[in-house]
Amino acid sequence: MPKSQTHVNEIAEIALARNPGEPEFLQAVYEVLESVAPVLDEHPEFLDARLLERLIEPERQIMFRVPWVDDANTVRVNRGFRVQFNSALGPYKGGLRFHSSVNLSIVKFLGFEQIFKNSLTGQAIGGGKGGSDFDPHGRSDGEVMRFCQSFMTELFRHLGEHTDVPAGDIGVGGREIGYLFGQYRRLTNRHESGVLTGKGTGWGGAEVRNEATGYGAVFFAERMLARTGSSVAGRTAIVSGSGNVATFVIEKLRQLGATAITVSDSSGYVVDEAGIDLELLRQIKEVERGRVSEYAERRPGARFVAKGNVWEVPADLAFPCATQNELLLADAQRLIANGVSLVAEGANMPVVPDAVHLFQEAGVLFAPGKAANAGGVAASSLEMSQNAARQSWTFGDSEERLRAIMCHVHDSAYEASERYGKPGDYVLGANSAGFVGVAEAMLAQGVV
Ligand code: NDP
Ligand code: 2IT
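Residues numbered from 1 in each chain as written. Chains lettered and ligands numbered in written order. Predicted model: local features only at pLDDT ≥ 70, side-chain atom pairs only at ≥ 80, totals over all residues. Heavy atoms only, no water.

(A) Focus on the overall build of the protein. The number of helices and strands found in the protein is 17 helices and 13 strands. The globule rule puts the C-alpha radius of gyration for 448 residues at 22 Å, and the 21 Å found for the protein is close to it. Considering only C-alpha atoms, the protein reaches an extent of 60 × 55 × 45 Å along its principal axes. By residue count, 58% of the 448 residues in the protein fall in the buried class. Across the protein, the fraction of contacts at a sequence separation of at least 24, relative to all contacts at a separation of at least 6, is 71%. (Helix = DSSP H or I, 4+ residues; strand = E, 2+ residues; numbered from the N terminus. Rg over C-alpha atoms; globule rule 2.2 N^0.38 Å. Buried < 20%, exposed > 50% of the residue type's maximum accessible area, 1.4 Å probe, protein only. Contact = heavy atoms within 4.5 Å.)

(B) Representation of the sheet that holds strand 7 (residues 259–260) in the model. Strand order in the open sheet formed by five strands is 7-6-11-12-13, and the pairing between neighbours is parallel. The sheet is open, and its two edges are formed by strand 7 and strand 13 (365–367), each paired on a single side. Where strand 6 (residues 236–239) and strand 11 (residues 317–319) come together, three bridges link them in parallel fashion. Looking at the pairing, Ala237 lines up with Leu317 of strand 11. Along the sheet face, helix 9 (residues 244–255) touches strand 6, strand 7 and strand 11 and points at about 175 degrees away from the line of strand 6. (Pairing = 2+ DSSP bridges. Axes fitted to C-alpha atoms, helices over the stretch in contact; angles between N-to-C directions.)

(C) Region of interest: the pairing of strand 6. Pairing of strand 6 with strand 7 involves two bridges; the strand directions are parallel. Of the residues in strand 7, the one forming a bridge with Thr236 is Thr259. Of the crossover connections in this fold, the one passing from strand 6 over helix 9 to the parallel strand 7 is right-handed. (Right-handed = clockwise from strand over helix to strand, strands pointing away.)

(D) Inspection of the packing of aromatic side chains at higher detail. A complete count under the given rule lists 19 aromatic pairs for this structure. Here the aromatic cluster, defined as three or more aromatic residues joined through ring pairs, consists of Phe64, Trp68, Phe98, Phe134, Phe147 and Phe151. If you follow Lys252 out to its NZ or CZ, it ends over the ring of Tyr215, 4.4 Å from the centre. Positioned above the aromatic ring of Phe248 is the side chain of Arg282, whose terminal nitrogen or guanidinium carbon lies 4.7 Å from the ring centre. (Phe/Tyr/Trp six-rings, centres within 6.5 Å; stacked < 30°, edge-to-face > 60°. Lys NZ or Arg CZ within 6 Å of the ring centre and 35° of its normal.)

(E) Spotlight on the site of ligand 1. Close to ligand 1 lie 26 residues; His137, Asp169, Thr213, Ser266 and Arg291 are nearest. For ligand 1, an oxygen atom lies 2.7 Å from a polar atom in the side chain of Asp169. Between an oxygen atom of ligand 1 and a main-chain N or O atom of Val245, the distance comes to 3.0 Å. Burial of ligand 1 by the protein chains amounts to 85% of its free accessible area of 890 Å². Among the elements of the structure, helix 8 (209–227), helix 9 and strand 8 (262–265) are those that each provide at least two residues to the shell around ligand 1. The residue makeup of the shell around ligand 1, split by class, is five nonpolar, 14 polar and seven charged. (Near = heavy atom within 4 Å. Polar contact = N/O pair within 3.5 Å; in protein donor to acceptor, adjacent residues only side chain to side chain. Areas by Shrake-Rupley, 256 points an atom, 1.4 Å probe, with all protein chains shown as cover. Nonpolar A, V, L, I, M, F, W, Y, C, P; charged D, E, K, R; others polar.)

(F) A look at the site of ligand 2. Near ligand 2 you find 14 residues, and of these Lys93, Lys117, Lys129, Asp169 and Ser380 are the closest. One of the backbone N or O atoms of Gly168 is found 3.1 Å from a nitrogen atom in ligand 2. Contact between ligand 2 and Asn348: an oxygen atom at 3.0 Å from a side-chain N or O atom of the residue. When the free accessible area of ligand 2 is taken as 300 Å², the share hidden by the protein chains comes to 94%.

(G) Inspection of the nonpolar core at higher detail. Among the nonpolar cores identified, the biggest contains 54 residues, and Phe220, Val249, Leu253, Phe319 and Leu342 are the most heavily contacted of them. Here the element with the most residues in this core is helix 8; it accounts for nine residues. Every residue in contact with Phe319, bar those within four places of it in the chain, is listed here: Ala217, Val218, Ala221, Ala237, Ile238, Val239, Ser240, Val249, Leu253, Trp311, Leu342 and Ala344. In this structure, Val36, Leu51, Val102 and Val107 belong to the second largest nonpolar core, which totals 44 residues. (Core = buried A, V, L, I, M, F, W, Y, C linked by side-chain atoms within 4.5 Å.)

(H) Quick peek at the pairing of strand 8. What you see with strand 8 is no split at all: Thr262 and Ser264 on one side and Val263 and Asp265 on the other are buried throughout. Hairpin connection between strand 8 and strand 9 (residues 268–271): a loop of two residues separates the two successive antiparallel strands.

(I) Quick peek at helix 8. Over its 19 residues, helix 8 runs 27 Å from end to end, which matches the ideal 27 Å to within 8%, given 1.5 Å per residue. Its axis deflected by about 35 degrees at Tyr215, helix 8 carries its strongest bend there. For helix 8, the tally of buried residues reaches 14 of 19 residues, placing the bulk of the element in the interior. Backbone geometry just after helix 8 places Gly229 at a positive phi near 75 degrees. (Expected span 1.5 Å × (residues − 1). Bend = angle between axes of the 7 residues up to and from the residue.)

(J) The arrangement of the packing of helix 2 (residues 23–42) against helix 17 (residues 426–444) in detail. At their nearest, the axes of helix 2 and helix 17 sit 8 Å apart, and the two run at 65 degrees to each other. Taken as axis vectors, helix 2 and helix 17 run roughly perpendicular relative to one another. Crossing angle aside, the handedness with which helix 2 passes helix 17 is right-handed. Residues Glu31, Val32, Ser35, Val36, Val39 and Leu40 of helix 2 form the contact with helix 17, whose own contacting residues are Val427, Leu428, Asn431, Ser432, Phe435 and Val436. When its residues are assigned to classes, the contact of helix 2 with helix 17 shows eight nonpolar, three polar and one charged. (Parallel < 35°, antiparallel > 145°, perpendicular 65-115°, else oblique. Left-handed = near helix turned anticlockwise from the far one by under 90°.)

Printed below as a string of structure tokens:
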């Protein structure tokens with residue numbers, strides 16, 4: 001066995017021994033380890049410096065109590081997390097997730113993915129992630145505000161524009177970022193715009209940050225298709241989720257002449273063959289904070305399928321945009337049988353490893369999340385630049401910069417897939433290109 005492969009196997013064993021009971025984190029680590037042996041063959045200095053062993057160990061992990069009082073005057077206690085994974089390329093950067101399923105394994109998997117994603121963007125941002133097991137569903141604005149204030153009352157001491165810069169993720173959107181920023185400002189007596197991204201455009205937020213993850217995923221898909229002489233125009237798409245990423249995937253697909261026909265949430269999915277009506281969806285999800293089933297009730301011709309999943313619906317393109325491990329092997333078999341030609345991960349790690357392999361064997365174009373959904377964090381980095389320079393750029397200029405970054409991410413991943421012997425394997429390409437960027441920085445900065 002080549003030395004590189006023996007080393008990778010040793011690192012996999014160390015990961016398992018050090019992180020028992022963390023299946024999502026181990027899944028994310030193994031997926032990267034599967035790609036990096038050819039990089040170590042080319043760069044034995046990475047192996048000698050034991051960079052992989054350092055990479056899988058977060059620089060710092062913070063866990064804290066978040067006490068708050070609900071509307072019925074009952075005391076509630078949640079757990080808060082921030083995993084500051086790697087700062088070789090820049091301040092820790094990555095979102096906050098508020099969802100009942102959040103635990104250390106999930107925050108670590110997300111933080112680990114973020115290192116490679118952020119490296120791929122070419123922006124000066126390190127990797128981190130955080131969140132809480134707080135469930136915002138059904139909570140009043142006042143409850144969400146009090147929770148955010150309590151969360152920030154502990155987290156603020158670990159943040160800073162040059163230290164760690166959170167943003168949104170599942171359950172954390174513009175409303176939550178507003179409350180978090182307000183509390184940070186009160187505690188520090190500093191209007192430090194660059195400490196959080198995803199802010200409102202009237203108070204330091206950047207144009208296109210809100211749209212960026214979804215738009216970026218479609219730009220990435222369009223670039224993949226262009227390589228094969230095709231495009232999204234005239235195609236149908238199935239999209240899972242109905243939050244930030246899903247809605248802006250749908251919007252950009254429509255602008256480019258494709259039709260998205262599904263959305264979902266944790267209770268089921270909606271099919272609307274005429275194309276999802278975004279105005280109605282936003283009214284229900286963002287204004288009323290309701291469920292996708294209400295969309296089907298109000299939209300003639302649409303139907304709601306309780307508990308099913310969108311992968312049952314035939315289409316040309318698939319964009320999983322809800323959560324991790326939401327597309328299983330049987331779903332991949334079904335999609336392939338239905339003739340899907342491209343799958344792009346808007347969410348982080350939504351497709352299980354066996355299903356990824358099956359898509360690749362079947363010749364389906366497959367875009368891994370750490371490349372396809374990098375537009376969100378890339379636009380966050382643009383927001384940090386604007387905050388530092390006390391500027392704000394126009395929507396058109398910002399969207400053009402986002403498109404250019406997604407082309408760069410695509411081309412870096414594609415070129416790395418060629419270099420390491422599997423042209424068009426974007427998993428190999430994204431992992432290896434992302435790894436080389438951060439590994440070179442770590443090597444240059446010594447054993448720290
Ligand atoms: P939102 O909170 O805006 O939306 C999440 C959507 O996914 C909701 O429709 C939600 O339905 C559904 N969902 C969440 N968890 C589950 C679950 N366990 N089972 C079924 N459905 C679920 O989040 P985002 O759109 O921001 O994030 C979606 C994905 O994209 C996540 O994987 C996130 O990490 C990733 N991502 C987000 C970025 C961003 O900028 N926001 C950037 C890059 C990646 P319900 O309301 O029923 O829970
Ligand atoms: O998964 C992700 O890349 C995000 N949730 C966005 C992170 C960010 O800092 O904008």
